Amino acid sequence: MAEAAETLDGWYCLHDFRTVDWSLWKALSDHEKEEAIQEFNSFLTQWELIEQNREGSYAFYSILGQKADFVIMSLRPTMDELNELETAFNKSKLAEVTVPAYSYVSVVELSNYLGSGEGDPYAHPRVRARLYPVLPKTGYFCFYPMDKKRDQSDNWYMLPMENRRELMKSHGLIGRRYAGKITQIITGSVGFDDWEWGVTLFADDALQFKKIVYEMRFDEASARFGEFGPFYVGSLLDEEKFMKMLAV
Ligand code: VOV
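Everything numeric in this text was worked out from a predicted model, so none of it was measured. Residue positions are given per chain, counted from 1 along the sequence in the order it is written. Whole-chain, interface and lining totals are the exception, using all residues; otherwise, since this is a predicted model, local features are given only for residues with pLDDT of at least 70 and side-chain atom pairs are given and counted only at 80 or more. Hydrogens are left out, water is left out, and the side-chain values use all remaining heavy atoms of the structure.

Here the focus is the pairing of strand β4 (residues 98–111). Following DSSP output, two strands are said to pair if at least two bridges run between them. Each helix corresponds to a stretch of at least 4 residues labelled H or I by DSSP, and each strand to a stretch of at least 2 residues labelled E; elements are numbered beginning at the N terminus. Two strands pair when backbone bridges link them, and strand β1 (residues 7–20) and β4 are joined in this way by 12 bridges, in the antiparallel orientation. Note that in β4 the partner of Tyr12 across the bridge is Val107. Here β4 runs beside strand β6 (residues 182–188); their pairing, made up of two bridges, is antiparallel. Following the sheet pairing, Val107 is matched in β6 by Gly188.

Following this line, the structure appears as structure tokens:
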């Protein structure tokens, strides 16, 4: 049996994609619309406070195309907290006019392919900053789930550790060329959701998503072993932009 990579696991993660039912939204009175927006803004204030207290983090983006209208990505120390957050939103006035479009459950993950360093990795400030991150508020967001292949001839899980390490090293070198342009959050989802990882990318130039994903397609770790789910891409939202989006 090939040696399993060891993972360091950080905050739990929920990507919650919603579509607005515009007919329902338009049918609300101005007062009801105002109430729904105020209630949602109070969620945003809560999430910001939690982020400032380093008890979790969030990202709020509109989604381009027909797959969804917006996404709330949330990080919390436990799945229970994510469950509470999701239920609280579901009970809100705004949720009444949205339809669930897609969701993804995972946990922030780092592997030991490129070494685990000295001592307790969970005590290391640089590791902690990656396992318990403040999600960037860049202009653009991209999310997709992915697997590593388990075919007869190309089975990632049957490769010796040493080979996988070499492949991840090459993957990491490509990634490093995007330093300052893209921040990646890799979340593991084996046992939690339908794919093995969630890939969330943040950038101020949306074109960099295309560039990195394309470049990685030529790298063996992705070229031979990567299998990909649906892609979601969109722009940063805040109270003001969301109000503009909802204005009818
Ligand atoms: C933005 C840049 C970037 C950088 C610097 C980077 C670096 C690294 C390193 C150093 C490592 C290994 C150690 C660790 O930290 O876990 C990883 C790990 C991983 N990556 Fe990555 N990745 C990037 C970006 C990046 C992208 C764009 C993708 C999607 C691939 C594509 O084809 O669409 C991806 C995927 C992954 C995955 C699924 C894993 C886990 C694989 C596993 O088998 O465990 N990743 N990644």
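The nonpolar side chains of a soluble globular protein tend to be buried with one another. We call a set of buried Ala, Val, Leu, Ile, Met, Phe, Trp, Tyr and Cys residues a nonpolar core when their side-chain atoms join them within 4.5 Å. Here the term buried applies to any residue with accessible area under 20% of the maximum for its type, exposed to any over 50%, and partly exposed to those in between, with areas from a 1.4 Å probe on protein chains only. One finds Trp25, Phe40, Phe60, Phe70 and Leu94 to be the most contacted residues of the largest nonpolar core, which totals 21 residues. When residues of this core are traced back to their parent elements, those giving at least two are α2 (30–52), β2 (57–62), β3 (70–76), α3 (79–90), α4 (93–96) and α9 (239–246). In terms of residue count, α2 provides more of this core than any other element does, six residues in total. What Phe40 contacts, discounting residues up to four positions off in sequence, is Trp47, Phe60, Ile72, Phe89, Leu94 and Phe242. Only heavy atoms matter for contacts: two residues are in contact if any of them lie within 4.5 Å across the pair.

With that settled, consider the site of the ligand. When we say a residue is near a molecule or strand, we mean one of its heavy atoms is within 4 Å of it. Taken together, 24 residues sit near the ligand, with Ser111, Tyr144, His171, Gln184 and Ser222 positioned nearest. Pairs of N or O atoms within 3.5 Å make up the polar contacts considered here, provided that, within protein, one atom can donate a hydrogen while the other can accept it, and that residues adjacent in sequence are counted only when both atoms are side-chain atoms. The separation between an oxygen atom of the ligand and a polar side-chain atom of Tyr144 is 2.5 Å. In terms of residues, the shell around the ligand owes the most to one element, helix α6 (residues 161–176), which gives five residues. In this classification, Asp, Glu, Lys and Arg are treated as charged, Ala, Val, Leu, Ile, Met, Phe, Trp, Tyr, Cys and Pro as nonpolar, and every other residue, Gly included, as polar. Considering only residue class, the shell around the ligand consists of 15 nonpolar, six polar and three charged.

Turning our attention to the coordination of the iron atom of the ligand. Think of the donor list as every N, O and S atom within 2.8 Å of the metal, or within 3.2 Å for Na, K and Ca; water never makes the list, so a site can look incomplete. A lone protein donor binds the iron atom of the ligand: His171 (NE2), at 2.0 Å. Its place among the elements puts His171 in helix α6.

For the rest of this paragraph, the subject is the UniProt feature "binding site: Fe-coproporphyrin III" (unreviewed entry) in the protein chain. UniProt positions are given in the numbering used here, feature names are shortened, and annotations may be inferred rather than shown by experiment. Under the UniProt annotation, "binding site: Fe-coproporphyrin III" (unreviewed entry) lies at Arg130, Tyr144, Pro145, Met146, Asp147, Lys148, His171, Gln184 and Ser222. Turning to its location among the elements, Met146 is positioned in strand β5 (residues 140–148). Those residues within four positions of Met146 in sequence are excluded, and the remaining contacts are Trp195, Glu196, Trp197, Val199, Gly226, Glu227 and Phe228. For His171, a relative accessible area of 24% corresponds to the partly exposed category. Contact partners of His171, with chain neighbours within four places excluded, come to Met216, Asp219 and Ala221.

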